[in-house]
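Fold and geometry: a report
Here is what each chain is made of, one letter per residue.
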Amino acid sequence: MSFTERESRTPENRIRFFRWFLVAAFILLASGFWRLQVDQTDYYTRLAERNYIKSLPVPAPRGRILDREGLVLVDNYPSFSVFTQSDASEEFGGHLSAIARGLGLDTGEIQSRVRSAEIRNPYGPVVLLENASPGQIAFVEAHRHEFPELDLMTVPRRLYPSAGFAAHLLGYVGEISERDMDRAEWALLRPDAIVGKTGIERQYDDLLRGEDGYRRVVVNSLGREVAVLDERIPEPGRDLRLSIDYDLQAIAEQSFQGDAGALVALDPRSGEVLAMVSRPSFDPNQFVTGLSQEQWTVMSNNADNPLLNRSIQAQLAPGSVYKIVMAAAALESGAVDPHTSFYCPGGANFYGRYFRCWQRRGHGNVDMHQAIVRSCDVYFYNIGRELGIEKMADFSARIGLGQKTGIDLPDEAEGTLPSPEWKERVYRQKWYPGETISVAIGQGALTVTPLQIAYGVGGIASGGDFLPPRLVPREKWKDSSARRDEGKTRIQVPLSEETVQVVTDAIFGVVNETGGTGARARVRGLDIAGKTGTAQVASLGLAQSGGGGGMDLRDNAWFVGLAPRRNPEIVVSVLYQSGEHGSLAAPIARDVIKAYYEKKQNPGSGSFTMNQKPAQAAAEPKPKPKPKPL
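Our subject in this report is the structure included herewith. (Residues numbered from 1 in each chain as written. Predicted model: local features only at pLDDT ≥ 70, side-chain atom pairs only at ≥ 80, totals over all residues. Heavy atoms only, no water.)

1. Describing the environment of Ala100
In plain terms, the rule: Where helices and strands are cited, they refer to DSSP runs of H or I of at least four residues and of E of at least two residues respectively, numbered from the N terminus. Throughout, a residue-residue contact means that at least one pair of heavy atoms, one from each residue, lies within 4.5 Å.
Tracing the backbone through its elements, the reader meets Ala100 in helix α3 (residues 89-103). The spacing of Ala100 and Gln111 is 11 residues in sequence and 9.9 Å in space, taken between C-alpha atoms. Once residues lying within four places of it in the same chain are set aside, the contact partners of Ala100 are Leu105, Thr107 and Ile110.

2. A look at unusual backbone geometry
Across the junction of Arg279 and Pro280, the peptide omega takes the value 5°, indicating a cis bond. Mapped onto the fold, Pro280 is located in the loop between β12 (272-279) and α10 (293-300). Cis geometry marks the peptide bond from Ala563 to Pro564, where omega comes out at -15°. Despite not being glycine, Tyr351 shows a phi value in the positive range, around 55°. Inspection of the secondary structure puts Tyr351 in the loop between β14 (347-350) and β15 (353-356). Phi is positive for Ser375, close to 55°, though the residue is something other than glycine.

3. A few points about the packing of aromatic side chains
Defined as follows: For this analysis, a ring pair means two rings from Phe, Tyr or Trp (six-membered ring only for Trp) whose centres lie within 6.5 Å, classed as stacked if their planes differ by under 30 degrees, edge-to-face if by over 60, and tilted for the remaining angles. The rule is simple: take the accessible area with a 1.4 Å probe, protein chains only, and divide by the maximum for that residue type; under 20% is buried, over 50% is exposed, in between is partly exposed. Our definition puts a charge over a ring when NZ of Lys or CZ of Arg is within 6 Å of the ring centre and also within 35 degrees of the ring normal.
Under the counting rule described, the total for this entry stands at 14 aromatic pairs. Seen from their ring centres, Tyr172 and Phe282 are 6.0 Å apart, and the 90° between their planes marks the pair as edge-to-face. Of the two residues, Tyr172 sits in the loop between α6 (167-170) and β6 (173-175) while Phe282 sits in the loop between β12 and α10, which places them 110 residues apart along the sequence. A single burial state applies to Tyr172 and to Phe282, both of which are buried. Arg565 extends its terminal NZ or CZ atom over the ring of Phe508, reaching a point 3.7 Å from the ring centre.

4. With respect to the pattern of salt bridges
We apply this condition: For this analysis, a salt bridge means a side-chain nitrogen from Lys or Arg found within 4 Å of a carboxyl oxygen belonging to Asp or Glu.
Evaluation of the coordinates by the stated rule reveals 23 salt bridges. Ionic pairing is found between Asp151 and Arg144, a salt bridge with its closest N-O pair at 3.3 Å. The pair Asp151 / Arg144 is uniform in exposure class, with both members buried. Residues Arg158 and Glu201 are paired through a salt bridge, measuring 2.9 Å at the closest nitrogen-oxygen approach. Of this pair, Arg158 sits in strand β5 (residues 150-159) while Glu201 sits in helix α7 (residues 199-203), and the two are 43 residues apart along the sequence. Across the pair, exposure class does not vary: Arg158 and Glu201 are buried alike. A single network of salt bridges, built from pairs that share partners, joins Arg62, Arg158, Glu201, Asp205 and Arg209.

5. Some words on the sheet that holds β12
The criterion, for reference: Being paired, for any two strands, means DSSP has found at least two bridges between them. Where helices are involved, their axes are fitted lines through C-alpha atoms of the stretch in contact, as for all axes, and angles between N-to-C directions lie from 0 to 180°.
Strands sit in the order β12-β11-β21-β20-β19 across an open sheet of 5 strands; the sheet is antiparallel. Looking at which strands have only one partner, the edges of the open sheet turn out to be β12 and β19 (529-535). Neighbour-to-neighbour, the strand axes of the sheet open up by a mean angle of 5°, direction not taken into account. As paired strands, strand β11 (residues 261-267) and strand β21 (residues 570-576) are joined by 6 bridges and run antiparallel to one another. Looking at β21, one finds that Val264 is bridged to Ser573. Those strands touched by helix α9 (residues 246-255) are β11 and β12, and its axis lies near 25° from that of β12.

6. Overview of the environment of Val503
Considering the arrangement of structural elements, one finds Val503 in helix α19 (residues 497-512). We classify Val503 as buried; its relative accessible area is 1%. Linking Val503 and Ala461, residues 42 residues apart in sequence, is a C-alpha distance of 7.9 Å. When residues no more than four places from it in sequence are discounted, the contact partners of Val503 are Ile324, Ala327, Ala328, Leu331 and Ile460.

7. Here we look at the pairing of strand β4 (residues 125-129)
Taking burial as the measure, the 5 residues of β4 include 4 buried ones, the bulk of the element. Strand direction decides the pairing type here: strand β3 (residues 72-85) and β4, joined by 4 bridges, are antiparallel. Looking at β4, one finds that Thr84 is bridged to Val126.

8. What about the nonpolar core?
Just so we agree on the cut-off: Only buried Ala, Val, Leu, Ile, Met, Phe, Trp, Tyr and Cys residues count toward a nonpolar core, and they belong to the same one when joined by side-chain atoms within 4.5 Å.
Ile200, Leu242, Tyr379, Phe380, Ile383 and Ile460 are the most contacted members of the largest nonpolar core, which has 102 residues in total. With 8 residues, helix α12 (residues 323-333) is the single largest residue contributor to this core. Among all residues touching Leu242, those that are not within four sequence positions of it are Ile65, Leu66, Asp67, Arg68, Leu73, Leu170, Ile200, Leu471 and Val472. The next biggest cluster of nonpolar side chains, apart from the first, holds 31 residues, and it includes Leu274, Ala521, Tyr576 and Tyr596.

9. Focus on the packing of α12 against α19
To keep things clear, this is the line we draw: Oblique is the label for every angle not falling under 35 degrees (roughly parallel), over 145 degrees (roughly antiparallel), or within 65 to 115 degrees (roughly perpendicular). In this scheme the handedness of a crossing depends on how the near helix is turned from the far one: anticlockwise by less than a right angle means left-handed, clockwise means right-handed.
With their axes 9 Å apart at the nearest point, α12 and α19 run at an angle of 155° to one another. Relative to α19, the element α12 lies roughly antiparallel. Regarding α12 and α19, the two cross each other, and that crossing is right-handed. Residues Ile324, Ala327, Ala328, Leu331 and Glu332 of α12 lie in contact with α19, whose contacting residues are Thr499, Val502, Val503 and Ile507.

10. Points about the packing of α9 against helix α21 (residues 586-601)
The cut-off we apply is this: Note that Gly is not counted as nonpolar here; it falls among the polar residues with everything else outside the nonpolar set of Ala, Val, Leu, Ile, Met, Phe, Trp, Tyr, Cys and Pro and the charged set of Asp, Glu, Lys and Arg.
Axis separation between α9 and α21 bottoms out at 9 Å; the angle between their running directions is 160°. Looking at the two axes, α9 sits roughly antiparallel to α21. Read as a crossing pair, α9 and α21 show a hand that is right-handed. Along the contact surface, α9 presents Asp247, Leu248, Ile251, Ala252 and Ser255, while α21 presents Ile588, Asp591, Val592, Ala595, Tyr596 and Lys599. Looking at the contact of α9 with α21 residue by residue, the classes come out as 7 nonpolar, 1 polar and 3 charged.

Written out as structure tokens, the structure reads:
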């Protein structure tokens, strides 16, 4: 080809190339137009709208929790959470490092929160930080133009009493978990909803929770709100008034002085719980914004088990407090009468084994009244032999032992009521007669909770009238869909007038007669009755050998007190773990009963505050160890 021909073809090739270039450019533009206008219209419309429209959640405040007189126990306080919309992940990813530095957070933690939120709630807000500090709030406000994906949300946070006051009773709230969402009552909630986890917060969550609202607003290029398009006002949760008396609760809390134990005070006439304490306690405010994994591990592995609500979950041998039940069962069955006596030389042989009395020198010849007043073990060993384990188990079950009381709190324990059928079912072994002797004084396989003791003894002293304990007046139950133990209603166990009189006169003697083991519960002018109990944690041989793997093997102290002795207005059950002597638990019950009557005589006086301690309880030293009445 000559030079002239090549020169003539050059413009033609260039024109052809330019034509194909225009065709390719047109196809590219057309495909982009199709993608923008047809294929992904909704996505790009949403991106455009987000430049000037934001949807802001408005969480509803939970209802307050009040005591019986209207004093606020649990309230809310306003706080700010930093969040981003879940559909802003692309922009957020590009700004992640800068946002983390500005908020003082770890980049990995933020990424984890975003991933978790996108899985659980792909169309909702992603909360990056709860309870933001003033500095963190200022960072978000100052960088709205740089980080338009960030925003602030006003969130009402729970405010609980300090020092773990009534923590187990009140419970705490937290973000709903995947396991929680499997429950029918929470199945329709948002994946990031705040719900009650334990205590009253859990039991009455449907009343307290309320219903969240939202706001759709127009913002300018700086992220500032300029107009409101649509909004739904949040519906606050309902306030809940408990039967708890703040003053009695405060006295009971302070009486343990850092020791482990539990207390339940209730009115047997209505079943209303006046005070409920479990120690050691925890601070529910730590759960409001979420514990770290390290904090949760430390708390859950704590040997003192501060998360255990001992008042309804501690299943322990009751010791001689159970003798009240034994006496009533023996009288009702006709196994003995009030004048039946047995001789106590300090111990006795039963079924080839020698069983000691707590009083080594013995009590001599005692009838039922004296046996209860002086807590004679040998007398009740004989009662156990006469009754037999079947009658003991049957009467105990009728008054509520070995089963839930039906209190309006989650996770109540049942305790253990031993019988031949129980042992065969659990251990595939037969029942031995010698085991009956141990159960007769509240030892062996028998376990109860402090609430069961208050419920059972209160019902006996009320003539066999048992009302299920409750923390919220019964008329409120119909307004809540929360799970209840609906089968628990008022129970009436026929008890003879003589049985009630003999038993209540005897426990009055425990507190007020010479030689009574509960003398430290006495208050001049008050008709206080009660019964001490000391329950072994381990066998005598194990305790003396120093075994137990570092466990505290000191005996648990019990006391149940009531006033007046017949048809009581108040019953107080006290568990003083490792207290060794039931007499040490008696002053705790005494102070609560005394305060109850002081308030009754001077209504509205507000007798105590959280920082006050009853002078008598504070000044009274713990006595030196003495022989322990069981």
